[in-house]
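Architecture and fold: a report
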Amino acid sequence: MIANINSPTPETVFRSEKVDYLCHFSEGQSGTIVDLVLEPELQGRLMGMGLFAGTRFRVLQGGNSSKIKSSARPMLLAIGNTRIALGQSIASKILVEK
Amino acid sequence: MNIVAEHEHNEILAALVGQPNSGKSTVFNYLTGLHQTVANYPGVTVTKKSGHYHDGKRRIEVVDLPGTYSLTSYSQEERVTRDFLLLERPEVVVIVIDASNLRRHLYFVFQLLELQIPLVICLNMMDIARRRGFSIDIPVLEQTLGVPVIPANGRTGEGLEELRRQINTVSAKHDHESPVTWKINYGTLEPLIAEFDAALSQKEPLVQDFPTRWLAIKLLENDREARRIIQHHTHDKDWEPLLESCMKKVEDYETQSGDSPRKTIASSRNILAETIEKQTIQRTSIPHRNSDTLDQFLCHPFLGLLSVAAVMFITFQLAFNLADGWTWFPWFNAAGVFEWNTPFGAVESLFSVWIPALLDSCFHLPEGNLHSLIYDGIIAGVGGVLTFVPTIFFIFLFISILEQSGYIARVVVVLDRIMRFFGLHGQSILPMILGGGIVGGCALPAVMATRSMREQRERILTIMVVPLMNCGAKVPVFALLISAFFLEYQGLVLAAIILISWTMALFVSSILGKLFIGGEPSPLVMELPTYQVPDLRDMLLTAVLQSWWFVKKAGTIILAVNVFLWVLMYYPRPDNPDTDAATQLAGSYAARMGRIFEPVTRYAGFDWRDNVALIGGFAAKEVIVSTMATMYGIEEEDETEAENNHQENKNNKENTFQEPNVKRKELTKELEEIDTESLDIQGKHLAVRLRAEKNWTPLKAFVLLLFVMIYNPCFATCAVIWRETGHIKYMLMTMAYTNGLAFLIAVAVYQIARICS
């Protein structure tokens, strides 16, 4: 497994060592949502889909370790019985921890 | 008491709400069947679906509100839903929820319960829940929430008769004086809620019309619409100090607790949903998810693209070939009389052959104005509208397969990063392919096919660029010009056409998106529903309803425009009744318009005759070929007659067509070999004729080809753009940019090429 070479942004260091952005997670990894740093509309929509602080999720596809290095590839998450695809612009604004 | 109650409940207004993918439309289809109508909510592009059914003497009007994930007021759909529930006061609100995703749907249920509306929960998709090994304790759920819960399966109809009974019971019981008293405990926020609630309860007439506790919670959530409601429903300037003190208290709370009230509210709801889920659900087993395995392939960046390409190609081929390609009724063709072998051909010959023949045998109308109005204006016009129906029917049959199966969400995921670059949406690909992305297709059903797109900004952009694709009606024009001037480069020109139209569409959508539509591109947030086998009943219902909607809503406009265009081409009548069609057309209003435009279109190399053909093309692009043929004196006759005619023309007019007879015949034969399908015999003769015309050069042909590709979509499509978006402005914008762009490009190419040579 290649180590995560993405340097953590100032905010993540500030919050906690364990906290990272969702887009840095890789396929097959599970975690817990910490915060949705999004405008109220998207926050409302994601909450309606079951994404809250404290919700467990698993990355089904996309993310950091995928072979395709295109940063624009959407991430597929499993949250309970719900499957959600998130664009990178959103995945980079969701704080998560392992 | 309101007026409805005084009507002794002969008519009940019921609303259907639910999150996307909850199976709400299937329930709606079951309840209302064919009795559905589609309109737009005033002022927004959101479509309003409503229908009705009868239960004994009562008529139950069901409104299918747009599927939303929450009830904030940020999107058009959410505002529409909330306004309807609050202002129209339906007697029953049925919320359809997915039994296999209970927690997340309960979160939505709470938001409705707080609105204090008479609610019935339809616990849909029980089959999936059972398959996943869930068992749900319905009585406990009913008791906890205080509203009826009906386990159902919209696809089999399970539980839906019970739902009808509950709609009756709840609407009969419903009394505005004693609203639902169910409450969530918001913990630390409760003192503030109580305080706001008490203050709002003093406000007249607000307190009669709106649940004040709900408004109090909304104020804490910092909801714009809630503030607006308070402003509009209190006397004088009463609201100002109230709102100011509320805002101040919300800020104080934030600084004290370090968290926004909105987050506290959301997490309280979520925790409650989790608790109720734990109380009511028993999990017996967790089976393997086949859906996830399938997604490994269908959402894969490369394999996914391949499968999208394959699915789009198959959908396109099936829809258009079933409507007008593959022979359905070979025996009609075998008779050799009428081309009645496809549904499209059947409708077409019904209006071009059968009905005129029937009229002829019943009434002996003399040739003249009335005869032409009825035959060429009205019957041909109605026929022109109805020939779209088979295509619309089959396209929506397949679209409903893509939607019901859950595949369309995967298309969005796979194509998102490509389409987003141009301001479009992953889902835009389907309308663009149907509209002629690979040559052939039809812009009209393609525009209708955008209806399932949830992102309004991307939907409008898609609607506006779909006409740039090369629909089936442009093909005869291309075939004519290619056969006449680019026979050797056929493949190359065709490839160029496809390339140019996609480049145009993507370029235009990026520009329009930035300049005219505004707003940010919606980021990708898409639920991937579990794959399901589509339901045939739902498929057929969608197809029939969409076809009917088209005839009813767009048909009249299209007919009116077609009759108007017929007047332009047919009037004024020449004094001498023996005047041939070419001379008549040359004196028509259309020709006068053509001459008026000539000084302008000259820069693109078009003379007045080309202009007349292009005016004809406003009705339908294929009309360009027949108008040109009429203008150049080529009548719609059988081959030998046409050839004789051509010979006569040649001799009479002494034009430049000096090739030996043998060579000409060879040429005709050559044309036949190449374009037997796209061009009829009349078109082929026209191609030969155009070659011979002095002022026709390959350059002019190419410029015309580009112009036809881009300019004004046919009026049928314009009418549908207007109806679909609910705004005439989007139709006018589309017409303005297509014509402007077509003219600019035509002039540029024509002038540059002339300077260069």
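Report on the accompanying structure. In this text, all values refer to a predicted model and were calculated from it rather than measured experimentally.

Topic: the overall build of chain B
When you go through chain B residue by residue, the secondary structure sums to 36 helices and 10 strands. Relative to its 757 residues, chain B shows a buried fraction of 46%.

With respect to the sheet that holds strand 3 (residues 47–55) of chain B
All names here are of chain B. Pairing within the open sheet is mixed, and its 7 strands lie in the order 2-3-4-1-5-6-8. What marks the edges here is a single partner per strand, and that holds for strand 2 (36–40) and strand 8 (149–151). Strand-to-strand twist across the sheet, computed as the mean angle between neighbouring axes with direction ignored, equals 25°.

Some remarks on the sheet that holds strand 2 (residues 30–36) of chain A
As summarised here, the arrangement of the 7 strands in space is 1(A)-6(A)-2(A)-3(A)-4(A)-5(A)-10(B), forming an open sheet in which the pairing is antiparallel. Among the strands making up the open sheet, the edge pair consists of strand 1 (19–21) of chain A together with strand 10 (525–527) of chain B. Across the sheet, the mean angle from the axis of one strand to that of its neighbour is 40°, orientation sign disregarded.

Remarks on helix 4 (residues 102–113) of chain B
Residues that lie three or four places apart on an α-helix share one face, since the helix turns once every 3.6 residues. Residue and element names in this part refer to chain B. Taking 1.5 Å of rise per residue, 12 residues should cover 16 Å, and helix 4 covers 16 Å from first to last C-alpha, within 8% of that figure. Of all 12 residues that make up helix 4, 12 are buried, and the element is covered over most of its length. Along helix 4, the residues classified as buried are Leu102, Arg103, Arg104, His105, Leu106, Tyr107, Phe108, Val109, Phe110, Gln111, Leu112 and Leu113.

Concerning the interface of chain B and chain A
Contact with chain B, which involves 29 residues of that partner, is made by 30 residues of chain A. Sorting the residues of the side of chain B that touches chain A by element identifies helix 4, helix 13 (261–280), helix 14 (290–298), helix 20 (407–420) and strand 10 of chain B as the ones contributing at least two each. Here the element with the most residues in the side of chain B that touches chain A is helix 4 of chain B; it accounts for 4 residues. Alignment of strand 5 (residues 82–86) of chain A against strand 10 of chain B, held across 3 bridges, turns out to be antiparallel. Directly across from alanine 85 of chain A, in strand 10 of chain B, lies its bridge partner methionine 526 of chain B.

As for the pairing of strand 6 (residues 119–124) of chain B
Residue and element names in this part refer to chain B. Extensive coverage of strand 6 is indicated by the burial of 6 of its 6 residues. Going residue by residue along strand 6, you find Leu119, Ile121 and Leu123 tucked away on one face and Val120, Cys122 and Asn124 tucked away on the opposite face as well. Examined bridge by bridge, strand 5 (residues 92–98) and strand 6 share 6 bridges and lie parallel to one another. Along strand 6, the bridge assignment pairs valine 93 with leucine 119. A crossover links strand 5 with its parallel partner strand 6, the connecting element being helix 4, and its sense is right-handed. With 3 bridges connecting them, strand 6 and strand 8 associate as parallel partners. Residue pairing for strand 8: leucine 123 is matched across the bridge by proline 151.

Quick word on the packing of helix 26 (residues 536–570) of chain B against helix 35 (residues 715–725) of chain B
All names here are of chain B. Relative orientation of the contacting elements helix 26 and helix 35 amounts to 140°, with a least axis distance of 9 Å. Here helix 26 is positioned oblique relative to helix 35, judged by the angle of their axes. The crossing of helix 26 and helix 35 is right-handed. Where helix 26 abuts helix 35, its residues Lys553, Ala554, Ile557, Ile558 and Val561 lie against Phe715, Ala716, Ala719, Val720 and Arg723. Residues that form the contact of helix 26 with helix 35 fall into these classes: 8 nonpolar, no polar and 2 charged.

Description of the nonpolar core
All names here are of chain B. Ranked by size, the top nonpolar core spans 180 residues in total, and within it Leu481 and Phe707 carry the most contacts. Of the residues forming this core, the biggest block, 12 residues, is contributed by helix 19 (residues 388–405). Here this core spans two domains, since at least three of its residues come from each of domain 2 (187–283) and domain 3 (539–723 + 732–756). Once residues within four sequence positions are removed from consideration, phenylalanine 707 is found in contact with Ala604, Ala742 and Ala746. Val80, Val93, Ile95 and Ile128 belong to the second largest nonpolar core, which has 51 residues in total.

Conventions we followed
- Here, residues in each chain are numbered from 1, in the same order as that chain's written sequence.
- Here the convention is simple: chains get letters from A, ligands get numbers from 1, in the order in which they are written.
- At least 70 in pLDDT is required for a residue's local features to be given in this predicted model, at least 80 for side-chain atom pairs to be given and counted, and no such filter applies to totals for whole chains, interfaces and linings, which use all residues.
- Numbering of helices and strands runs from the N terminus, with a helix taken as a DSSP run of H or I at least four residues long and a strand as a DSSP run of E at least two residues long.
- Any residue with 12 or fewer other C-beta atoms within 10 Å of its own C-beta is exposed, any with 20 or more is buried, and the rest are partly exposed; the C-beta atoms used are placed from the backbone.
- Pairs of strands are assigned from DSSP output, requiring at least two bridges between the strands.
- Working convention: axes come from line fits to C-alpha atoms, limited for helices to the stretch in contact. Angles between N-to-C directions cover 0 to 180 degrees.
- Multiplying 1.5 Å by the helix residue count minus one yields the expected span of that helix.
- Contact between two residues is assigned when their C-beta atoms, built from the backbone, lie within 7 Å.
- Note on handedness: a clockwise path from strand one over the helix to strand two, with the strands aimed away from the viewer, defines a right-handed crossover.
- Oblique is the label for every angle not falling under 35 degrees (roughly parallel), over 145 degrees (roughly antiparallel), or within 65 to 115 degrees (roughly perpendicular).
- Definitions for this section: a left-handed crossing has its near helix turned counterclockwise from the far helix by less than a right angle. A right-handed crossing has that turn clockwise.
- Three categories are distinguished: nonpolar for Ala, Val, Leu, Ile, Met, Phe, Trp, Tyr, Cys and Pro, charged for Asp, Glu, Lys and Arg, and polar for the others, with Gly belonging to the last.
- Nonpolar cores are built from buried Ala, Val, Leu, Ile, Met, Phe, Trp, Tyr and Cys residues. These are joined into a set through C-beta atoms within 7 Å.
- Where each domain begins and ends is defined by an automated method or by a domain database.

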